[in-house]
Each structure stands twice: as structure tokens, then as C-alpha cells.
Amino acid sequence: MAKRALITGITGQDGSYLAELLLQKGYDVIGMVRRSSTVNFERIAHIQDQVRLVPGDLLDEVSMIEILRTYRPVEVYNLAAQSFVQTSFGQPVLTGETTALGVTRLLDAIRMVDTEIRFYQASSSEMFGKVKEVPQTEVTPFHPRSPYGVAKVYGHWITVNYRESYGIHGTSGILFNHESPRRGMEFVTRKITHTVAQIKLGKAHELRLGNLDAKRDWGFAGDYVDAMWRMLQQDTPEDYVICTGQTHSVREFCQLAFEHVGLDKARAEAGLSS
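First, a word on scope: everything that follows refers to the structure included in this document.

**Topic: the packing of helix α4 (residues 92–113) against helix α5 (residues 147–166)**
Moving on, step 1. Running from N to C, α4 and α5 cross one another at 15°; their axes reach a closest spacing of 8 Å. Classified by the interaxial angle, the pair formed by α4 and α5 is roughly parallel. In terms of crossing hand, the pair formed by α4 and α5 is right-handed. Where α4 approaches α5, its residues P92, T95, G96, T99, A100, L101, V103, T104, L107, D108 and R111 are matched on the opposing element by P147, Y148, A151, K152, Y154, G155, I158, T159, Y162 and Y166.
Moving on, step 2. Among the residues forming the contact of α4 with α5, the class breakdown is 12 nonpolar, 6 polar and 3 charged.

Set out below in C-alpha cells:
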């Protein structure tokens with residue numbers, strides 16, 4: 001009998017890659033989606049007939065209890081959240097309800113339905129915020145600098161708490177930036193690649209960005225969801241930092257993007273506007 005996994009946030013970048021991975025491994029995949037007229041299924045359109053989509057909401061614990069009781073997954077991957085740092089400043093309460101308390105509701109549903117379920121929590125490098133050491137590790141203290149980061153810290157520690165209090169196989173992946181063609185346009189990587197393509201096609205003339213010297217650790221989303229799956233296969237639940245270990249500036253990213261479409265460095269520099 002195929003193993004069954006529940007993915008919250010299945011329509012997002014990570015959710016779509018994780019669903020693909022689990023299907024390839026023979027899983028029966030259940031995807032939780034909110035009842036909303038604005039849900040975008042574009043990222044999973046090519047596999048939508050292979051997964052089962054069910055309504056549920058991190059704000060509604062009863063809906064999650066019902067999903068767990070009905071479908072009996074052996075693994076749960078919580079990838080749903082209010083995931084934009086800037087938005088969290090304008091909507092701090094909503095961010096806390098979904099990104100923080102939503103984790104508690106899901107964990108409590110697991111506690112009531114089946115404590116043998118293995119649980120993955122999508123933690124974030126944003127929890128480190130004002131970093132205490134370089135590089136950051138699993139024991140680096142957190143100092144979040146946004147409501148999003150604060151909410152993720154709560155989600156992280158409540159996972160630890162349920163692991164220690166109820167024996168739940170709960171693991172958090174502290175992921176640094178991970179990108180792909182499925183990344184939302186509101187993220188800087190996709191803004192760069194999309195605008196550079198528009199410039200190449202003559203549909204745009206400049207790329208406007210902020211601090212070009214800001215550095216980030218960028219990985220590939222497909223690799224990172226593989227790490228999520230591997231975490232839940234471990235006998236003992238732990239927390240893991242997932243990153244490439246290398247940082248690159250926004251300027252470097254821009255130059256590579258321009259060069260990739262055949263525009264030289266000089267023109268690339270001219271195309272940037274900070």
C-alpha cells in the first residue's frame with residue numbers, strides 16, 4: 001500500500017516540487033487548499049490529476065482534524081504560511097495567525113488524531129535576523145527582525161515543544177533562500193529574471209532594484225524539498241539548517257542574468273538602476 005502524505009501549501013513553489021518528488025517515490029499525495037476564488041493552480045497544473053486536493057485552513061483546526069481523520073497520512077509537510085516578509089509588517093496579526101498559530105493548530109490536530117504521523121515544519125533563515133555568528137548553524141540563537149521572522153520562530157519552537165511533550169516525530173527545516181522558475185514575481189530573483197527577459201525582448205528598458213550589494217545564499221527549490229523528505233525518513237527527529245554555504249550579491253545575480261541572454265557586463269551595468 002502506498003504511503004500517504006499531506007502537503008499544506010501545495011500550490012506554492014515548494015509544495016509543487018515536493019508533490020512531484022513524492023509522486024515519483026510512489027506516495028499518495030493529498031494537498032490542502034483554502035476555499036478561495038483566488039487559488040492559483042498553475043504550479044501544479046501538470047500533476048493536478050495525480051494528487052487529491054482537499055479544503056482546509058490553518059485558521060480552522062477542525063478542518064485539519066477532519067482531513068487527518070479522513071485521509072490518515074503518515075507524513076505531513078506544513079509549507080503553508082503568510083510567506084512575505086514585507087507583507088508581514090502591514091499584516092502582523094494575520095501573519096501570526098497563519099504562520100505561527102497555524103502550526104500549533106496542525107500539531108494539535110496530529111496530537112488528537114495520530115501521534116505516529118511524521119511532521120515537517122518549514123522554518124526559515126529569517127529567524128536568525130540580526131545574526132549572532134557566521135555561518136549560522138542549528139544552535140545559533142534567533143533574533144528575528146520582522147513579524148514574519150517572529151512568527152516562524154514561534155512555529156519552530158512549538159514544533160520542538162510538541163516533539164518533547166507528546167513524542168511527535170516533528171522536524172523543522174531552517175531553509176535559506178531557494179529559487180526556481182516557479183518562484184513568485186514578488187521575490188527579487190524572479191523580478192530580475194523576468195525584467196531582464198523583457199529588456200532582451202525590447203519590452204522594458206531598465207531594471208529598478210534596491211541595494212545591489214545585499215548578499216544572499218540562493219539554492220534550488222527542487223534540492224531543498226528533497227532535503228525535507230529526507231528529514232522525515234530519519235529515525236530520530238531533529239532540526240536542520242539547509243543552505244548552499246555560499247553567498248552572492250544581488251549585483252552578481254543581475255550580471256549573470258544579463259549575460260545569460262547575451263548582454264555583456266557593460267550593458268548589464270547600464271541596465272541596472274538602484
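Next, the rest of the story.
**What to know about helix α1 (residues 13–24)**
Moving on, step 1. Between the first and last C-alpha of α1 there are 17 Å, a value that for 12 residues agrees with the 16 Å anticipated at 1.5 Å per step.
Moving on, step 2. Counting buried residues in α1 gives 11 out of 12 residues, a clear majority hidden from the surface.
Moving on, step 3. Among the residues of α1, those classed as buried are Q13, D14, G15, S16, Y17, L18, A19, E20, L21, L22 and L23.
Moving on, step 4. Where the residues of α1 are buried, they touch β1 (4–8), β2 (28–33), β4 (75–78), β7 (178–179), β10 (219–220) and α7 (221–232).

**Structural notes on the side chain of K152**
Moving on, step 1. Within the fold, K152 resides in helix α5.
Moving on, step 2. Despite its burial, K152 remains without a salt bridge, the nearest opposite charge being carried by D14 at 8.5 Å.
Moving on, step 3. Those residues in contact with K152 that sit more than four places away from it in its chain are A81, T99, Q121, A122, S123, S124 and M127.

**Digging into the side chain of S88**
Moving on, step 1. Its location among the elements puts S88 in helix α3 (residues 85–90).
Moving on, step 2. Among the polar contacts listed, one links the side chain of S88 to the backbone oxygen of V85, at a separation of 2.5 Å.
Moving on, step 3. Not counting residues up to four positions away in its chain, the partners in contact with S88 are Q82, T95, S146, P147 and Y148.

**A closer look at the packing of aromatic side chains**
Moving on, step 1. As enumerated under the stated definition, the model contains 7 aromatic pairs in all.
Moving on, step 2. Seen in terms of ring centroids, Y17 and F220 are 5.6 Å apart; in terms of plane orientation they differ by 75°. Their pairing is edge-to-face. Taken as a pair, Y17 in helix α1 and F220 in strand β10 lie far apart in primary sequence, 203 residues in all.
Moving on, step 3. Exposure remark for Y17: the relative accessible area of 11% places this residue in the buried category.
Moving on, step 4. Its relative accessible area of 37% is what places F220 among the partly exposed residues.
Moving on, step 5. A cation over a ring is seen here: K25 above W229, with NZ or CZ 4.0 Å from the ring centre.
Moving on, step 6. A cation sits over an aromatic face here: R183 above F187, 3.7 Å from the ring centre.

**Describing α7**
Moving on, step 1. Along its 12 residues, α7 runs 17 Å from first to last C-alpha, staying within 8% of the 16 Å computed at 1.5 Å per residue.
Moving on, step 2. Buried residues dominate α7, accounting for 10 of its 12 residues.
Moving on, step 3. For α7, the complete set of buried residues consists of A221, G222, Y224, V225, D226, A227, M228, W229, M231 and L232.

**Some points on the pairing of β1**
Moving on, step 1. Burial of β1 is extensive: 4 of the 5 residues sit out of reach of the surface.
Moving on, step 2. Relative to β2, β1 runs parallel, the two being bridged by 5 bridges. Across the sheet, the residue bridging to I7 is G31, located in β2.
Moving on, step 3. Sheet topology places β1 next to β4; 4 bridges connect them, and they run parallel. Looking at β4, one finds that A5 is bridged to E75.

**Digging into the pairing of strand β5 (residues 118–124)**
Moving on, step 1. Most of β5 sits out of view: 6 of its 7 residues are buried.
Moving on, step 2. Taken together, the 4 bridges between β4 and β5 define a ladder with parallel strand orientation. Pairing of Y77 across the sheet is with Y120, part of β5.
Moving on, step 3. One ladder, built from 7 bridges, connects β5 with strand β6 (residues 169–175); its direction is parallel. Bridge assignment links A122 to a residue of β6, and that residue is G173.
Moving on, step 4. Crossover β5 to β6 through α5 is right-handed.

The rules behind each value
Residues numbered from 1 in each chain as written. Predicted model: local features only at pLDDT ≥ 70, side-chain atom pairs only at ≥ 80, totals over all residues. Heavy atoms only, no water. Axes fitted to C-alpha atoms, helices over the stretch in contact; angles between N-to-C directions. Helix = DSSP H or I, 4+ residues; strand = E, 2+ residues; numbered from the N terminus. Parallel < 35°, antiparallel > 145°, perpendicular 65-115°, else oblique. Left-handed = near helix turned anticlockwise from the far one by under 90°. Contact = heavy atoms within 4.5 Å. Nonpolar A, V, L, I, M, F, W, Y, C, P; charged D, E, K, R; others polar. Expected span 1.5 Å × (residues − 1). Buried < 20%, exposed > 50% of the residue type's maximum accessible area, 1.4 Å probe, protein only. Lys, Arg positive; Asp, Glu negative; His and termini not counted. Salt bridge = Lys/Arg side-chain N within 4 Å of Asp/Glu carboxyl O. Polar contact = N/O pair within 3.5 Å; in protein donor to acceptor, adjacent residues only side chain to side chain. Phe/Tyr/Trp six-rings, centres within 6.5 Å; stacked < 30°, edge-to-face > 60°. Lys NZ or Arg CZ within 6 Å of the ring centre and 35° of its normal. Pairing = 2+ DSSP bridges. Right-handed = clockwise from strand over helix to strand, strands pointing away.

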